[in-house]
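Each chain, letter by letter, is given below.
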Amino acid sequence: MPEIPLTRVVSVSSADPRHPAENLLRPDDGGRWRGAAAGEKQLSVVLELGSSRPIHSLHIGNDGAAFVEVLVGSSSGGDFQVLLPSAALMSPSESRAGVEPRRVRLFGPDSLVKSPAQATWDRLRVVLSQPYCQSRPFGLSFVRVFSAPEEEEEEGKGEV
């Protein structure tokens, strides 16, 4: 599956200067994005995609958030549409105890809302929330976006 690169941070609700949202543009560098302070209940970032293609799957690296929701939109305007409905990254007890804050979740085609996943988009809005723990800042380690495999690639896999 070809990865769709993230090219720019369009907007961000909050960011720690040591962990800016721009770190999400370089998922292999090990940097992460975190909110500016503990106690924030919700964070969001809008990212620009390198190309406008249908989205097949998402890989999300957590950094202490309890829930993630992903919406898609277009730079030409219009409302964002839900691509990934709110999904748990940590349970309430894990959130309070700070257990497994860096879990990685893979969301394939079955997890995504079909209609928006089949359309083409060039913006991604990631919304995080952490209602269970107000003592630690939270964010993401990475977001990776993948398009569907090319038809030639799929056909080539079956041949010997």
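Keep in mind it's a predicted model, so treat the numbers as computed, not measured.

**Considerations on the UniProt feature "domain: DNA-repair protein Xrcc1 N-terminal" (unreviewed entry) in the protein**
And then number 1: Per the UniProt record, "domain: DNA-repair protein Xrcc1 N-terminal" (unreviewed entry) is found at residues 1-145.
And then number 2: Between the end C-alpha atoms of residues 1-145 the distance is 10 Å, and the span holds 8% helix and 45% strand.

**Digging into the pairing of strand β6 (residues 67-73)**
In the case of a regular strand, side chains alternate between the two sheet surfaces.
And then number 1: Judged by how many residues are buried, β6 sits mostly within the fold: five of seven residues are covered.
And then number 2: Relative to strand β7 (residues 81-88), β6 runs antiparallel, the two being bridged by five bridges. Bridging across to β7, Leu-71 finds its partner in Val-82.
And then number 3: Taken together, the seven bridges between β6 and strand β9 (residues 121-129) define a ladder with antiparallel strand orientation. When the bridges of β9 are listed, Phe-67 appears paired with Ser-129.

**Things to note about the sheet that holds strand β4 (residues 42-53)**
And then number 1: Sheet architecture is open: five strands sit in the order β2-β4-β9-β6-β7, paired in antiparallel fashion. Edge positions in the sheet fall to β2 (6-12) and β7, since each has one partner strand and no second. Here the strands of the sheet are splayed against their neighbours by 20° on average, with no regard to which way each runs.
And then number 2: Where β2 lies against β4, five bridges are found, and the strand directions are antiparallel. Among the inter-strand pairings, Arg-8 is bridged to a residue of β4, identified as Glu-48.

**Some thoughts on the pattern of salt bridges**
And then number 1: Scanning the entire structure with this criterion turns up ten salt bridges.
And then number 2: One salt bridge in this structure joins Asp-28 and Arg-144, with 3.0 Å as the shortest N-O distance. On the criterion of sequence distance, the pair formed by Asp-28 in the loop between β2 and β3 (33-34) and Arg-144 in strand β10 (residues 139-146) is long-range, its members being 116 residues apart.
And then number 3: By relative accessible area, Asp-28 is classed as exposed at 62%.
And then number 4: Here Arg-144 falls in the buried class, since its relative accessible area comes to 19%.
And then number 5: With a closest N to O distance of 2.9 Å, Arg-103 and Glu-94 form a salt bridge.

Cut-off values and rules
- Residues numbered from 1 in each chain as written.
- Predicted model: local features only at pLDDT ≥ 70, side-chain atom pairs only at ≥ 80, totals over all residues.
- Heavy atoms only, no water.
- UniProt positions renumbered as here; feature names shortened; annotations may be inferred.
- Helix = DSSP H or I, 4+ residues; strand = E, 2+ residues; numbered from the N terminus.
- Buried < 20%, exposed > 50% of the residue type's maximum accessible area, 1.4 Å probe, protein only.
- Pairing = 2+ DSSP bridges.
- Axes fitted to C-alpha atoms, helices over the stretch in contact; angles between N-to-C directions.
- Salt bridge = Lys/Arg side-chain N within 4 Å of Asp/Glu carboxyl O.

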